[in-house]
Amino acid sequence: MKAIITTTNLKDGRLWRQEELAGGTVDCVHQVTVCPDARYQTFEGFGGAFTEASAYAWQQLSPQRRQAFLDLYFGEDGLRYTQGRVHMGSCDFSLGNYACQSGQSDEGFHTERDDQYLIPMIRAAQAAAGRPIELMLSPWSPPGFMKTNGEMNHGGSLKPEYRARWAECMAKYAAHYRSEGCDVRRMSVQNEPAAVQTWDSCVWSGAEEGAFAAEYLSPALKQAGCGDIKILAWDHNKDILVQRARETLSAKGAAQAVGGFAVHWYTGDHFEALRIAKDLWPDKELWFSEGCVEYSRFDGMTPLQKAEMYAHDILGNLNGGISGSIDWNLLLDAKGGPNHVGNFCEAPVMLTEDGAGFTVQSEYYYIGQFSRFIRPGAVRLGCSAWTGSVEVTAFENRDGGRTAVVLNRTEKENAVSITEDAREAWNFVIAPHSIATLSW
């Protein structure tokens, strides 16, 4: 039986190199065992965030380069993304603060910025992909007049008297995007509800999120004809996911209204927290909804270190039970913005200094080792490895084809023998600081 392996070794400049492997005898000392009978979560797909910063940067490119950029992410020869995330109202990666309503007497609903930047990019991405891109909508802050601190930035909380009105606004966002041909499937209650940031932010307790979802947001979505949209809570770091989920689901009606939880990576791995949450609430989806190379935290990392950080987190999240994985900004300018509070970051694709072209970063290729081969509808399979020096995950796609991704972050090459039945294996050597994808 033959298989195709795709390997990456940034040090040698080899990206997505393919070769055939013949079956051989099992090397038990270096064995990776895939167990097809052990089946876990169904995976919905990979993607990235459509932010105003990304859309603004994209619009600076020529039509030809815009298309080339979209092909990198959504085309068959690119990352084959199928998912996206969109901020409702402004976020830090916007050109400035903006909201869907401007004041207490303003009963209108404003989508000018979405219509100018975000929706055209999403439509173009769908054209490049040849299919709808499933979207998650996430608010960073309600309009300032609805909050206890009177502004969109610096935290504050939603005033109780505006809960129904804000839920109606959120439902209108979903309805508007759908009316424009955008495939909204999920919505989180609040981005990073435990963080007070210098940019757009709003604080919610877990119980408040659960009650809001059950009493206001779910009914508003149904009223707007969007009752099939799945509501996600938390949308913050993995470290306290279990505690937060328990608090949220304890609110009356929340167990029915909340369909899952979204997580970020900014407080470390905590892959075990994902597994615990999945064990406790197996009917709830878990989504990785944001992670990036923040210049304020990861300055000085080499391109290889950035790529390996991405791959290690994706592997751990997949094995922890996530249902989908969405990276942060799809595109940023050479400075790491625009960002209206200077919170600059790296994206897998960046504009050149003159803004006329773009460059592909190392993490792009490592993401591709997963996104190109683990397709929507794939089911995670059980797998085990002989040593911690290699990290591995395995999936079966809808067509019955199977894929294993192996990551080697060590300084040494590793012999790998992948087998399903301990009788035949596919043997190869994974180079130091490399990632390999085996499909059969």
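Here the structure is a predicted model, which is why all the values come from computation and not from measurement. (Residues numbered from 1 in each chain as written. Predicted model: local features only at pLDDT ≥ 70, side-chain atom pairs only at ≥ 80, totals over all residues. Heavy atoms only, no water.)

Our focus in this paragraph is the overall build of the chain. A count of helical and extended segments in the chain gives 11 helices and 22 strands. Principal-axis analysis of the C-alpha atoms gives the chain an extent of 75 × 50 × 40 Å. When each of the 440 residues of the chain is scored for burial, the buried share is 62%. At a minimum sequence separation of 6, the contacts of the chain that also span at least 24 residues come to 74%. Surface exposure of the chain reaches about 16200 Å², of which carbon and sulfur atoms provide 49%. (Helix = DSSP H or I, 4+ residues; strand = E, 2+ residues; numbered from the N terminus. Buried < 20%, exposed > 50% of the residue type's maximum accessible area, 1.4 Å probe, protein only. Contact = heavy atoms within 4.5 Å. Areas by Shrake-Rupley, 256 points an atom, 1.4 Å probe, with all protein chains shown as cover.)

Let us look at the sheet that holds strand 13 (residues 324-329). In spatial order, the strands read 5-6-7-8-9-10-11-13; together these eight strands close into a barrel with parallel pairing. Neighbour-to-neighbour, the strand axes of the sheet open up by a mean angle of 30°, direction not taken into account. The sheet contact formed by strand 6 (residues 83-88) and strand 7 (residues 134-139) spans six bridges and is parallel. Within strand 7, the residue paired with H87 across the bridge is S138. (Pairing = 2+ DSSP bridges. Axes fitted to C-alpha atoms, helices over the stretch in contact; angles between N-to-C directions.)

Turning to the packing of aromatic side chains, a few remarks are in order. Tallied over the full model, the rule gives 20 aromatic pairs. Consider the rings of W265 and F288, whose centres lie 6.1 Å apart with planes at 55°: the pair is tilted. Highlighted residues: W265 in the loop between strand 10 (258-264) and helix 8 (271-280) and F288 in strand 11 (residues 285-290), separated in sequence by 23 residues. The two residues W265 and F288 agree in class, both being buried. (Phe/Tyr/Trp six-rings, centres within 6.5 Å; stacked < 30°, edge-to-face > 60°.)

Time to look at unusual backbone geometry. Between G337 and P338 the backbone carries a cis peptide bond, its omega angle lying at 5°. Residue position: P338 is located in the loop between strand 13 and strand 14 (345-346). Backbone geometry places H154, a non-glycine residue, at a positive phi of 60°. Within the secondary structure layout, H154 lies in the loop between strand 7 and helix 4 (163-179).

Here we come to helix 2 (residues 63-74). Here helix 2 contains 12 residues, and its C-alpha end-to-end distance of 16 Å stays within 8% of the 16 Å for a straight helix at 1.5 Å per residue. Among the residues of helix 2, F69, L70, Y73 and F74 are the ones counted as buried. Taken down its axis, helix 2 places every buried residue within 110° of arc, on the same side. (Expected span 1.5 Å × (residues − 1). Arc of directions from axis to C-beta.)

Examined against the element boundaries, E285 turns out to sit in strand 11. Overall, E285 belongs to the buried group, its relative accessible area being 11%. Side-chain polar atoms of E285 contact the side chain of K230, separated by 3.3 Å. Not counting the four nearest positions on each side in its chain, E285 is found in contact with R186, K230, G259, G260, F261, K278 and S323. (Polar contact = N/O pair within 3.5 Å; in protein donor to acceptor, adjacent residues only side chain to side chain.)

Each pair of packed helices can be described by the angle between their axes along with the distance between the axes. The N-to-C vectors of helix 3 (residues 112-129) and helix 4 enclose an angle of 55°; their axes lie 11 Å apart at closest approach. Between helix 3 and helix 4, the interaxial angle falls into the category oblique. When the axes of helix 3 and helix 4 are compared, the crossing they make is right-handed. Every residue of helix 4 that contacts helix 3 at D114, D115, L118, I119 and I122 is listed here: Y173, H176 and Y177. (Parallel < 35°, antiparallel > 145°, perpendicular 65-115°, else oblique. Left-handed = near helix turned anticlockwise from the far one by under 90°.)

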